[in-house]
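A structural walkthrough
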Amino acid sequence: MSQKLEAFLNENLEDLRGQGLYNEIDPVEGANGPIIKIGGKDLINLSSNNYLGLATNDDLKKIAQETIEKYGVGAGAVRTINGTLDLHVKLEEKLAEFKGTEAAISYQSGFNCNMAAISAVMDKNDAILSDELNHASIIDGCRLSRAKTIRFNHSDMEDLRAKAKEAVESGQYNKVMVITDGVFSMDGDLAKLPEIVEIAKEFDLITYVDDAHGSGVMGKGKGTVKHFGLEKEIDFQIGTLSKAIGVVGGYVAGKKNLIDWLKVRSRPFLFSTALPPGDVAAITAAVQMIMDSTELHDKLWENGDYLKAGLKKLGFNIGNSETPITPCIIGDEKLTQQFSKRLFEEGVYAKSIVFPTVPKGTGRVRNMPTAAHTKEMLDQAIEVYEKVGKELGVIS
Ligand SMILES: *Cc1c(COP(=O)(O)O)cnc(C)c1O
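Residues numbered from 1 in each chain as written. Predicted model: local features only at pLDDT ≥ 70, side-chain atom pairs only at ≥ 80, totals over all residues. Heavy atoms only, no water.

Under an unreviewed UniProt entry, the name given to the chain is Glycine C-acetyltransferase, and the source organism is Chungangia koreensis. Of the comments in the UniProt record for the chain, the one headed Sequence similarities (unreviewed entry) reads "Belongs to the class-II pyridoxal-phosphate-dependent aminotransferase family." One UniProt comment on the chain, placed under Subunit (unreviewed entry), says "Homodimer." (UniProt positions renumbered as here; feature names shortened; annotations may be inferred.)

The subject of this paragraph is the environment of Ala244. Looking at the element boundaries, Ala244 is found in the loop between strand 10 (236–240) and strand 11 (250–254). Residue Ala244 is classed as buried on the basis of its relative accessible area of 2%. Each C-alpha atom, one on Ala244 and one on Leu52, is 5.5 Å from the other, the two residues being 192 residues apart in sequence. Sequence-distant contacts of Ala244, that is, excluding residues within four places in its chain, are made with Asn49, Tyr51, Leu52, Leu54, Ser215 and Gly216. (Helix = DSSP H or I, 4+ residues; strand = E, 2+ residues; numbered from the N terminus. Buried < 20%, exposed > 50% of the residue type's maximum accessible area, 1.4 Å probe, protein only. Contact = heavy atoms within 4.5 Å.)

Take the site of the ligand next. In the region of the ligand, 14 residues are neighbours, and Gly110, Asp210, Thr240, Ser242 and Lys243 sit closest. The backbone of Gly110 places a nitrogen or oxygen atom 2.8 Å from an oxygen atom of the ligand. Here Lys243 contributes a side-chain N or O atom positioned 2.7 Å from an oxygen atom of the ligand. About the coverage of the ligand: the protein hides 85% of its 380 Å² of free accessible area. It is helix 5 (residues 110–121) that provides the largest number of residues to the shell around the ligand, a total of three residues. Considered class by class, the residues forming the shell around the ligand number two nonpolar, nine polar and three charged. (Near = heavy atom within 4 Å. Polar contact = N/O pair within 3.5 Å; in protein donor to acceptor, adjacent residues only side chain to side chain. Areas by Shrake-Rupley, 256 points an atom, 1.4 Å probe, with all protein chains shown as cover. Nonpolar A, V, L, I, M, F, W, Y, C, P; charged D, E, K, R; others polar.)

The next subject is the pattern of salt bridges. Two side chains bearing opposite charge may form a pair once their charged atoms approach each other closely. This model, assessed by the stated rule, comprises 21 salt bridges. For the salt bridge of Glu345 with Arg342, the shortest nitrogen-to-oxygen distance reads 2.8 Å. Here Arg342 and Glu345 lie together in helix 14 (residues 333–345), a separation of three residues that amounts to about one turn. Put simply, Lys341, Arg342, Glu345, Glu346, Lys387 and Glu391 are held in one network by salt bridges that share partners. (Salt bridge = Lys/Arg side-chain N within 4 Å of Asp/Glu carboxyl O.)

Looking now at the pairing of strand 15 (residues 363–367). Most of strand 15 is tucked away, with five of its five residues classed as buried. The side-chain alternation of strand 15 yields two buried faces, one formed by Gly363, Val365 and Asn367 and the other by Arg364 and Arg366. Sheet topology note: the strand 12 (residues 326–331)/strand 15 ladder contains five bridges and is antiparallel. Within the sheet, the bridge partner assigned to Pro327 lies in strand 15 and is Arg366. Two elements, strand 14 (residues 352–353) and strand 15, share two bridges in a ladder whose sense is antiparallel. Looking at the pairing, Ile353 lines up with Arg364 of strand 15. (Pairing = 2+ DSSP bridges.)

Ranked by size, the top nonpolar core spans 33 residues in total, and within it Tyr51, Leu52, Leu95, Ile245 and Ile283 carry the most contacts. At the level of secondary structure, the elements contributing two or more residues to this core comprise helix 4 (86–99), strand 11 and helix 12 (277–292). Ranked by residue count, the leading element in this core is helix 12, at six residues. Counting 25 residues, the second-largest nonpolar core is a separate cluster that includes Tyr107, Cys113, Ile206 and Leu258. (Core = buried A, V, L, I, M, F, W, Y, C linked by side-chain atoms within 4.5 Å.)

Below, the discussion takes up the packing of helix 5 against helix 6 (residues 136–145). It is the contact of helix 5 with helix 6, at a shortest axis distance of 8 Å, that shows an interaxial angle of 30 degrees. Relative to helix 6, the element helix 5 lies roughly parallel. When the axes of helix 5 and helix 6 are compared, the crossing they make is right-handed. Together, Phe111, Asn114, Met115, Ile118 and Ser119 of helix 5 and Ala136, Ser137, Ile138, Asp140, Gly141, Cys142, Leu144 and Ser145 of helix 6 make up the contact between the two elements. Of the residues belonging to the contact of helix 5 with helix 6, the class tally is seven nonpolar, five polar and one charged. (Axes fitted to C-alpha atoms, helices over the stretch in contact; angles between N-to-C directions. Parallel < 35°, antiparallel > 145°, perpendicular 65-115°, else oblique. Left-handed = near helix turned anticlockwise from the far one by under 90°.)

All right, on to the sheet that holds strand 3 (residues 103–107) then. The strand order across the open sheet built from seven strands is 3-11-10-9-6-4-5, with neighbouring strands paired in mixed fashion. Two strands bound the open sheet, and with one partner strand each, they are strand 3 and strand 5 (148–152). Here the average twist between neighbouring strands, direction ignored, is 20 degrees. Sheet analysis places strand 4 (residues 127–131) next to strand 5, joined by five bridges and oriented parallel. Residue pairing across strands places Ser130 opposite Arg151, the latter belonging to strand 5.

Here it is in structure tokens:
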């Protein structure tokens, strides 16, 4: 190894470990369902994004297996050579139907979807107004485009309006985009999409909503844009196929001419191998399930409301979530980590999230209930929260 690299790695790893910021990863031994096994220990899982339990759904497993028998395990090429299977076309038609748009394009992940879509449309002569709490993949996608990124305060519509006005009236930019998460995953709050659309109309902004945590969850399963009835107003509806949908991948849904452009200009579509057939078939079936029935969606909300009520009744600060995401805000970073560790010892897996992911002094344990949890599991988790909360003096 180069001596320079060796020194760089040793110094920085030591520094992180010294500050207690080095993240040790616990491998899950088996499926990521409502109960997981780590180090041979069974734990109630409150940390996955598997909102509807579809990651381990038996029907979807069967569809993936049958498709692998027929198509093999890989797509064999990038989409623009001959990696576009009839399955991909079907999936994209289904996604457009799901999102209420003319067309859709799928990508290998939600992360690379943002890398792909922003830079296919925006360039160094443009500006992007970006909520300060947007996901890392949006931040990286903006950087890659080389457009001027202008951050606005989280969900602060006065700040957005002022910055949109300034950017547009400066005459410096060809195009201006406003970009936001649909659901902010650390607090579970929603973007103020009706106000954002109003401001966008006033200043002719391109609108881009990444609804990774909203699809399957908001709008009776159809997402945050649908929740607000704005399917016709948002230019880019981004989603992931790896959270509520339970598999892997990402997509853009929008007007046909936008999707046509992305098919010729978005680099991960042109230069990275297509999603594997078994996954594509499972995703298409998962989307169909969400469209056919709100049963899993309803169960998810019932469980979310149940967990929230239980923790609130015990005296925990659960913030102002508008979704099933249930933060339990502890405050102090060290105490938050200790809290999460004690939950683990007592049989509950809920990750601590601290600065710099969330502001200093707002450390929290974030709970992600799913449709697959039973009332008994949630009762048991609430009981453990009570025990640990009293022991550590977080509640009295
Ligand atoms: C999780 C997430 C992504 C990344 O999606 P993957 O499919 O896991 O790559 C992108 N954007 C937002 C807002 C997310 O929450």
